[in-house]
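Fold and contact review
In case you want the letters, here they are:
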Amino acid sequence: MLFKQQALLRQKLLVLGSLAIGSVLYLVARVGTLDRLQPICPLESRLTHPEPEQIPLRSLQFKRGLLHELRKGNATKEQITLHNLVQQLPRAIIIGVRKGGTRALLEMLNLHPAVVKASQEIHFFDNDQNYARGIDWYRRKMPFSFPHQITIEKSPAYFITEEVPERIFKMNSSIKLLIIVREPTTRAVSDYTQVLEGKERKNKTYHKFEKLAIDTNTCEVNTKYKAVRTSIYTKHLERWLKYFPVEQFHIVDGDRLITDPLPELQLVERFLNLPSRISQYNLYFNVTRGFYCLRFNIVFNKCLAGSKGRIHPEVDPSVVAKLQRFFHPFNQKFSQITGRTFNWP
Ligand code: A3P
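Described below are features of the structure shown in this document. This structure is a prediction, so every number in the text was calculated from the model and none was measured.

Here we take up the environment of Gly309. Following the sequence through the fold, Gly309 ends up in the loop between β10 (301–302) and α15 (317–338). Given 15 C-beta atoms within 10 Å, Gly309 falls into the partly exposed group. The spatial distance from the C-alpha of Gly309 to the C-alpha of Lys99 is 9.7 Å, given a sequence separation of 210 residues. Apart from residues no more than four positions distant in its own chain, Gly309 is found in contact with Arg289, Gly290 and Phe291.

Let us look at helix α4 (residues 102–109). Burial analysis of α4 places 7 of its 8 residues in the buried class, which makes it a mostly covered element. Considered for burial, the residues of α4 that qualify are Thr102, Ala104, Leu105, Leu106, Glu107, Met108 and Leu109.

Turning our attention to the site of the ligand. In the region of the ligand, 17 residues are neighbours, and Thr102, Arg103, Ala104, Ser190 and Phe291 sit closest. Contributions of two or more residues to the shell around the ligand are made by α4, α13 (254–259) and β9 (291–295). Per-element accounting of the shell around the ligand gives the leading share, 3 residues, to α4. When the residues that make up the shell around the ligand are grouped by side-chain class, the tally is 7 nonpolar, 5 polar and 5 charged.

Turning next to the sheet that holds strand β8 (residues 283–286). What the 3 strands build is an open sheet, ordered β8-β9-β10; its pairing is antiparallel. Strands with a single pairing partner mark the edges of an open sheet, and in this sheet they are β8 and β10. Bridge analysis of β8 against β9 gives 4 bridges, and the strand direction is antiparallel. Opposite Asn286, over in β9, you have Phe291 as the bridge partner.

On to the packing of helix α12 (residues 233–240) against α15. Interhelical geometry of α12 versus α15 gives an angle of 40 degrees and a closest axis separation of 8 Å. For the pair α12 and α15, contact is made by Tyr233, Thr234 and Leu237 and by Phe330, Lys333, Phe334 and Ile337, respectively. Tallied by class, the residues present in the contact of α12 with α15 amount to 5 nonpolar, 1 polar and 1 charged.

Criteria and thresholds
- Every chain begins its residue count from 1, and numbering advances along the sequence as written.
- Residues qualify for local features only when their pLDDT is at least 70, as the model is predicted, and side-chain atom pairs are given and counted only at 80 or more; totals for whole chains, interfaces and linings, by contrast, use all residues.
- Secondary structure elements follow DSSP: runs of H or I of four or more residues count as helices, runs of E of two or more count as strands, with numbering from the N terminus.
- Buried, partly exposed and exposed are defined by the number of other C-beta atoms within 10 Å of a residue's own C-beta, namely 20 or more, between the two limits, and 12 or fewer respectively, with C-beta atoms placed from the backbone.
- Here the contact rule is simple: place C-beta atoms from the backbone, and any two residues whose C-beta atoms are within 7 Å are in contact.
- By convention here, the C-beta atom is placed from the backbone, and a residue is near a molecule or strand when that atom is within 6 Å of it.
- Note on residue categories: nonpolar means Ala, Val, Leu, Ile, Met, Phe, Trp, Tyr, Cys or Pro, charged means Asp, Glu, Lys or Arg, and polar means any other residue, Gly included.
- When DSSP locates at least two bridges between a pair of strands, those strands are taken to pair.
- Throughout, an axis means a line fitted to C-alpha atoms (over the contacting stretch in the case of helices), and angles, computed between N-to-C directions, take values from 0 to 180 degrees.

Listed below in structure tokens is the structure:
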């Protein structure tokens, strides 16, 4: 009898224990995802957009799913009508710089529940044919979003294309502009590596970086080489400053975004007047990739495509030094104008 009672008690304790452990595990699992729901509302006071919709409690589960689908650029026709989803012109654009980490920045910002990214580079402002299609064409290229969300686009060619500042200004003179830069010589080599890979894919030969970057007649830096010109950040920025005040730009340190992305993302959140919602939970270092990857929630995470983070060819150190000397005064000017300093040589 006593033995039976003890066995029953043990069984009860076992059930209670499992329930308690289950609940704790469930709560821990939900912390990350629940946290991601909150930002929908704190934007209200800051954005001059229609009142964000109130989300009834019973539909939270569904909304979370929808929010996630929106971040992936998906929404069904029914969802669009039911939730008054809209295609909005971007309120912030990552205008460059090519190979600065523009994709990583866009994807990481897209972790924020109030941000929706345009997945593709739209090339509206730098491509005359696209531009001629008009602003409604551009709007239709944008993902569906809740009215209080911010749509962000990135097309790195915008930064270096002559006509773009004026065209963007005509669309929205108070738009927020993001520029992500990397140490200029590394960026130039990264640019070269991308082109080289394209040539190799087509079984074509290509010059060595040194031959392109240095003028063999003068032994000086070849400023006609596009990868070099793109890295003279201040020259391009000066054209933009004819249209937009410096306060409308935010400079992201692309080298820091690689090694320690969170502080950089927090600065962008502040610049965009968004509540701080991207956390360390959303970013984890993937040893195999050698880069930070993204964690949206307990089930969905992703790293950037393999085309991001290529191995660069070795470059003659004397050429690297020459390029670094060449870029130095331009970098100083860039820092003076923007107020951002970097750990560049
Ligand atoms: P490399 O391929 O030279 O390493 P962009 O998206 O503008 O083309 O920039 C590509 C660069 O983003 C890559 O250049 C890579 O170094 C950088 N990058 C920054 N954060 C990254 C991340 N988390 N994953 C992969 N690449 C990242």
